[in-house]
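Listed below are the residues making up each chain.
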Amino acid sequence: MRYSICIFVIGVMTMFSCVSTGSVEGNSAVEIKVDTFSEQKEFIKIGNMLAKVDSFTLTIPDSIISYSVEDACILDDNIYILDQAKNIIAFNLTTEKLICSINATGKGHGEYLTPMAITSDQHNIYILDMAGMAILSYDKNLKFKKKINLSFPCIDFEKLEFGFLLYNLNANNDLGKIVIIDNEGKKSNDFLRYPVDIKKSLSTKHIFQKLGEFVCIIDPYTSAIYKYDDNIFEHIASLTFKNEENKEVKPISVFMINNVIIAQYLSKFVMTSIYDNNSGKSYSGFVKISGSHYGFMPITQNGKCLYGIYPDLTEGVSYHLIRYHFR
């Protein structure tokens, strides 16, 4: 089997002012083609991009029934893991010890129905409850603090200094796919106002990645990449990946480190495409990292570090966490 990947990158990045009806779908782009590769033998060695790789073993107590990881975030030296059993489990990465955990499923005070995403700021942990249409905040010890009600269902979010960035599943001509609210839940702006087909299966719900002062946004329907920074919404790239049947495949995750875009796609296997804006070159295939027994499947980003979390249910219940430090 052979695959072809195309990455479209904006030649001149156009800045968009804070206009509620702002749409960037009409911008021209420069097409950068990636050579086809065989998934049987093509590997990308990214060791020269890494300063080091850390490995952690995070043991889960028998009292917690845990499943696959949904999302994760970092606060100080702690990692907070949201799993498919609706647990939030916190570990310290220095000691690899469990700090605290909750499973606050329900409709009561401080409880959630379907937690879809988790994020943090310098002080708090935030949970996005899609079915409950709310954002819940907790302190670093997972003590409930506040609930912010939403008027539309969201599948992903990110914390801003003055509020939140949300991905709206009910986008239309009146309210965009990207919505900004303040810390009390009041809308301050929105972008990409056009209807979407919510019947389509999302390829990913990891739409936002906070990168220092700005947020990287991947639209799972169009595979466009946006940047939100200080009230400016900017289209920076568009991704297209087609398999051997010429069917378009959506990325399952996109990360940006320095001037490098790292996108992953799920076809028959998980494949990675890396575009280096400094050199203008792109590479595609399977990532190979010396000394690592786990596939390159990062789930969250903190600064120049990517984190992959792999459940191990064969020898007791634990997570194996791999941290990739990029140069």
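Along each chain, the written sequence defines residue order, and numbers are assigned to residues from 1. Local features in this predicted model are restricted to residues whose pLDDT is 70 or higher, and side-chain atom pairs enter the listing and the counts only when it is 80 or higher, whereas totals over whole chains, interfaces and linings include all residues. Processing note: side-chain calculations cover all non-hydrogen atoms of the structure and skip hydrogens and water entirely.

**Regarding the sheet that holds strand 29 (residues 318–326)**
Okay, step 1: Within the open sheet, the 4 strands sit side by side as 5-29-28-27. Their pairing is antiparallel. What marks the edges here is a single partner per strand, and that holds for strand 5 (50–59) and strand 27 (300–302). Mean inter-strand twist for the sheet, computed between neighbouring axes without regard to direction, equals 25°.
Okay, step 2: The pairing of strand 28 (residues 305–312) with strand 29 spans 8 bridges and is classified as antiparallel. Each residue of the ladder has a partner; that of Gly308, found in strand 29, is Ile322. Criterion used throughout: strands pair if DSSP finds at least two bridges between them. Each helix is a run of DSSP H or I of at least 4 residues and each strand a run of E of at least 2, with the numbering of both proceeding from the N terminus. With axes taken as lines fitted to C-alpha atoms, and helix axes fitted only over the stretch in contact, angles between N-to-C directions fall between 0 and 180 degrees.

**Some words on the pattern of salt bridges**
Okay, step 1: Counted as salt bridges are all cases of a side-chain nitrogen of Lys or Arg within 4 Å of a carboxyl oxygen of Asp or Glu. Overall, the coordinates contain 6 salt bridges when judged by the stated rule.
Okay, step 2: Its salt-bridge partner being Lys177, residue Asp219 comes within 2.4 Å of it at the nearest N-O pair. Note that Asp219 is positioned in the loop between strand 19 (214–218) and strand 20 (224–229) and Lys177 in the loop between strand 15 (163–168) and strand 16 (178–182), a separation of 42 residues in sequence. The burial state of Asp219 is the same as that of Lys177; both residues are buried. Remark: exposure states derive from per-residue accessible area (1.4 Å probe, protein chains only) relative to the maximum for the residue type, with buried under 20%, exposed over 50%, and partly exposed in between.

**Some words on unusual backbone geometry**
Okay, step 1: Phi at Leu192 takes a positive value of approximately 60°, unusual for a residue other than glycine.
Okay, step 2: Counting through the fold element by element, Leu192 comes out in the loop between strand 17 (187–191) and strand 18 (208–211).
Okay, step 3: Within the chain, Ser223 stands out as a residue other than glycine whose phi angle is a positive 65°.
Okay, step 4: One can find Ser223 in the loop between strand 19 and strand 20.
Okay, step 5: Among the residues examined, Ser223 registers a relative accessible area of 0% and is labelled buried.

**Focus on the sheet that holds strand 4 (residues 43–45)**
By definition, the strands of a sheet pair up through backbone hydrogen bonds, in either a parallel or an antiparallel sense.
Okay, step 1: Read across the sheet, 5 strands follow the order 4-26-25-24-23 without closing on themselves; strand pairing throughout is mixed. Edge strands, defined here as strands with exactly one partner in the open sheet, are strand 4 and strand 23 (251–257). Each strand of the sheet is rotated relative to its neighbour by a mean of 35°, with strand direction disregarded.
Okay, step 2: With 5 bridges connecting them, strand 25 (residues 270–276) and strand 26 (residues 281–288) associate as antiparallel partners. Bridge pairing in strand 26 places Asp276 opposite Lys281.

**Side note on the packing of aromatic side chains**
Okay, step 1: Classification of ring pairs rests on two measures: the distance between centres of Phe, Tyr or Trp rings, Trp counted by its six-membered ring, which must be within 6.5 Å, and the angle between planes, read as stacked under 30 degrees, edge-to-face over 60 and tilted in between. For the coordinates displayed, the defined rule picks out 9 aromatic pairs.
Okay, step 2: Plain terms: the ring middles of Tyr294 and Tyr310 are 5.0 Å apart, the flat faces sit at 20° to each other, and that makes the pair stacked. Highlighted residues: Tyr294 in the loop between strand 26 and strand 27 and Tyr310 in strand 28, separated in sequence by 16 residues.
Okay, step 3: The partly exposed category is assigned to Tyr294, whose relative accessible area is 31%.
Okay, step 4: Counting every residue linked through ring pairs, the aromatic cluster contains Phe191, Tyr226, Tyr228 and Phe233.
Okay, step 5: For Lys227, the ring lying beneath its charged end belongs to Phe214, and the centroid distance is 4.6 Å. A ring is considered to have a charge above it if a Lys NZ or an Arg CZ atom is located within 6 Å of its centre and within 35 degrees of its normal.

**Topic: the confidence of the model for the chain**
Okay, step 1: Taken over all residues, the pLDDT of the chain has a mean of 82, while the share at 70 or more is 81%.
Okay, step 2: Known as pLDDT, the predictor's per-residue confidence is scaled from 0 to 100. No element of the chain has a lower mean pLDDT than strand 2 (residues 15–16), which averages 26, and none a higher one than strand 11 (residues 124–129), which averages 98.
Okay, step 3: Taken together, the stretch residues 1–38 has pLDDT below 50 and engages in 110 contacts with residues farther than four places along the chain or on a different chain. Should any heavy atoms of two residues lie within 4.5 Å, those residues are counted as being in contact.

**Concerning the layout of surface pockets**
Okay, step 1: Points on a 1 Å grid over protein atoms alone make up a cavity when a 1.4 Å probe fits among them but cannot get out, and a pocket when they form an open set with protein on both sides within 12 Å along at least five of seven lines; lining residues each have an atom within 4 Å of a point. Grid points are joined across faces, edges and corners, and a volume is the space filled by probe spheres set on the points. Computed from the structure, the largest pocket encloses a volume of approximately 850 Å³.
Okay, step 2: Residue lining of the largest pocket: 35 residues in total, with Ser120, Glu158, Lys159, Lys210 and Gly212 positioned closest to the centre.
Okay, step 3: Looking at the lining of the largest pocket, the elements that each hand over two or more residues are strand 6 (69–75), strand 10 (115–120), strand 14 (154–159), strand 18, strand 19, strand 20 and strand 27.
Okay, step 4: Ranked by residues supplied to the lining of the largest pocket, first place goes to strand 6 with 5 residues.
Okay, step 5: In this classification, Asp, Glu, Lys and Arg are treated as charged, Ala, Val, Leu, Ile, Met, Phe, Trp, Tyr, Cys and Pro as nonpolar, and every other residue, Gly included, as polar. Residues belonging to the lining of the largest pocket are distributed by class as follows: 13 nonpolar, 11 polar and 11 charged.

**A look at the pairing of strand 14**
Okay, step 1: The buried fraction of strand 14 is high, at 6 of 6 residues.
Okay, step 2: Of the strand pairs in this sheet, strand 14 and strand 15 are connected by 5 bridges, and their pairing is antiparallel. From the neighbouring strand, Phe157 faces strand 15, where its bridge partner is Leu166.
Okay, step 3: As consecutive antiparallel partners, strand 14 and strand 15 are separated by 3 residues.

**With respect to the side chain of Arg323**
Okay, step 1: In this fold, Arg323 is placed in strand 29.
Okay, step 2: Classification of Arg323 as buried rests on a relative accessible area of 15%.
Okay, step 3: Within polar-contact distance, the side chain of Arg323 engages the side chain of Asp54 at 2.8 Å.
Okay, step 4: Polar contact is defined as a pair of N or O atoms within 3.5 Å, subject to the rule that within protein one atom must be able to donate a hydrogen and the other to accept it, and that residues adjacent in sequence are counted only when both atoms are side-chain atoms. Of note is the side chain of Arg323, whose polar atom sits 3.2 Å from the side chain of His325.
Okay, step 5: Setting aside residues up to four positions removed in sequence, Arg323 forms contacts with Lys52, Val53, Asp54, Phe56, Leu93, Cys305, Leu306 and Tyr307.

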